[in-house]
Structure formats: C-alpha cells, structure tokens
Amino acid sequence: MTAPTFLIYLAAALAEIGGCFAFWAWLKLGRSVLWLAPGIAALCLFAWLLTLVDADHAGRAFAAYGGIYIVSALGWLWLVEGTRPDRWDVAGALLCLLGAALILWGPRPR
C-alpha cells in the first residue's frame, strides 16, 4: 500500500466513523437531529475518498480498506469514547490487517 493510498484510507475511515457516530449520537445518545447534517456530509466524503484509491476493482479496494477501518474504529473507541481496546480487539485487528495485506499483495495472474 502506498503512502497516498494509506492516507486516503485513513481519511475515509475517519469520515465513515465520524458520520456513523453522528447517527449513533442522535439515535442512542439522545443528541439533536441536527447531528445528522454533518453525519451525512461525512458519509458522502467517505464515499468520495474511496473513489480516489488507485485500484482495478472497487470491491478489492473496499475489502482492503476494511482492515484500515477496523484499526481506525478501535482508535476511535480509545481516543474518543475513552475505552481502551483489549487484547482480543488488538488480536482481531491484526488478523484483519493480515487479511487486507493478502487482498492487496496476494499473487494474482495478470
């Protein structure tokens, strides 16, 4: 994964998590319906960012993004929600990153 691709995936993850959290805050935490406006904007930004990834197939780009998303979501859990990921979170995230690496760099016939 190149540095620009990683940065795009990281920005997409932050946009997706932030957008989804806005809906969570509205529905689960009793926040104002006005939380939905930035939430929708963040989810649109997320979708647009994924189109910037240089990939031959959208499904493969989205699948590889999944590993970055999972690690980012655990970072959100820790930094925003104040709950430190446990060993099972970390082990699962490492397994997902391994899967993302296989998707990105696995040998394929050209």
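Scroll up a little and you will see the structure.
Residues numbered from 1 in each chain as written. Predicted model: local features only at pLDDT ≥ 70, side-chain atom pairs only at ≥ 80, totals over all residues. Heavy atoms only, no water.

(A) Spatial organisation of the nonpolar core. With 13 residues, the main nonpolar core has Tyr 9, Ala 12, Phe 46, Leu 50, Val 53 and Tyr 65 as its most contacted residues. Taken together, the elements giving at least two residues each to this core come down to helix H1 (3-28), helix H2 (36-50) and helix H3 (58-79). Considering every element that reaches this core, the biggest residue donor is H1, with five residues. (Core = buried A, V, L, I, M, F, W, Y, C linked by side-chain atoms within 4.5 Å. Buried < 20%, exposed > 50% of the residue type's maximum accessible area, 1.4 Å probe, protein only. Helix = DSSP H or I, 4+ residues; strand = E, 2+ residues; numbered from the N terminus.)

(B) Representation of the state of the cysteines in the model. Throughout the structure, instances matching the rule amount to zero disulfides. Take Cys 20: it sits in no disulfide, and the sulfur closest to it among the cysteines is that of Cys 44, at 12 Å. Residue classification places Cys 20 among the partly exposed positions, given a relative accessible area of 37%. Here Cys 96 stays unpaired: no disulfide links it, and the sulfur of Cys 20, its closest cysteine neighbor, is 17 Å away. (Disulfide = S-S within 2.5 Å.)

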